[in-house]
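Breakdown of the fold
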Amino acid sequence: MKRTRQKHSAGFKAKVALAAIKGDRTVAELAVHFGVHPNQIHNWKKQLLDGAVGVFEGGASEGATNEAQVDLLYRQIGQLKVENDFLARKLGK
């Protein structure tokens, strides 16, 4: 019988990776406990360690970037609305 592929949530992956980083149990023990392959635990641990730097790098600048992008999108929406209204009036005559 074919086993369907599981999709694990981000919270589950983080919990497993943190347990692997703690080091109080071996990866094989964690694999049995959480029901995943040991290679998957190594991959999640590596992803967590690689992404941990990003948490402390630019948290404030990311918010500013998002605000700038939202502002740009609102300007584009306004411009497109004006163009749409203009064309609707021209076609209506």
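The shown structure was predicted, so the numbers you read here are calculated from the model rather than taken from an experiment. (Residues numbered from 1 in each chain as written. Predicted model: local features only at pLDDT ≥ 70, side-chain atom pairs only at ≥ 80, totals over all residues. Heavy atoms only, no water.)

**Some words on the confidence of the model for the chain**
Any segment with low pLDDT has predicted coordinates that should not be analysed in fine detail. For the chain, the average pLDDT comes to 88, and 92% of its residues sit at 70 or higher. Mean pLDDT in the chain bottoms out at helix H4 (residues 59-92), which sits at 86, and peaks at helix H2 (residues 27-34), which reaches 96. (pLDDT = per-residue confidence, 0-100. Helix = DSSP H or I, 4+ residues; strand = E, 2+ residues; numbered from the N terminus.)

**Let's talk about the nonpolar core**
Soluble globular proteins tend to pack their nonpolar side chains together in the buried interior. With 11 residues, the main nonpolar core is built from Phe12, Val16, Ala17, Ala19, Ala20, Leu30, Ala31, Phe34, Val36, Ile41 and Trp44. Counting residues per element, the ones that place at least two in this core are helix H1 (10-22), H2 and helix H3 (38-57). Broken down by element, the residue count for this core peaks at five residues, all from H1. In this structure Ala20 touches Leu30, Ile41 and Lys45, once residues within four positions along its chain are discounted. (Core = buried A, V, L, I, M, F, W, Y, C linked by side-chain atoms within 4.5 Å. Buried < 20%, exposed > 50% of the residue type's maximum accessible area, 1.4 Å probe, protein only. Contact = heavy atoms within 4.5 Å.)

**Side note on the packing of H1 against H3**
Look at H1 against H3: their axes get within 8 Å of each other, and the N-to-C directions meet at 90°. The angle between H1 and H3 falls in the class roughly perpendicular. Contacts between H1 and H3 involve Phe12, Lys13, Val16, Ala17, Leu18, Ala20 and Ile21 from the former and Ile41, Trp44, Lys45, Leu48 and Leu49 from the latter. A class-by-class count of the residues in the contact of H1 with H3 yields 10 nonpolar, no polar and two charged. (Axes fitted to C-alpha atoms, helices over the stretch in contact; angles between N-to-C directions. Parallel < 35°, antiparallel > 145°, perpendicular 65-115°, else oblique. Nonpolar A, V, L, I, M, F, W, Y, C, P; charged D, E, K, R; others polar.)

**Quick word on a nonpolar patch on the surface**
On the surface, a cluster of nonpolar side chains totalling about 260 Å² of accessible area is made up of Leu18, Ile21 and Leu49. Tracing the backbone shows Leu49 in helix H3. A relative accessible area of 46% means that Leu49 is categorised as partly exposed. (Patch = residues over 30% accessible without salt bridge, like charges linked within 9 Å, V, L, I, M, F, W, Y side chains within 5 Å. Areas by Shrake-Rupley, 256 points an atom, 1.4 Å probe, with all protein chains shown as cover. Salt bridge = Lys/Arg side-chain N within 4 Å of Asp/Glu carboxyl O.)

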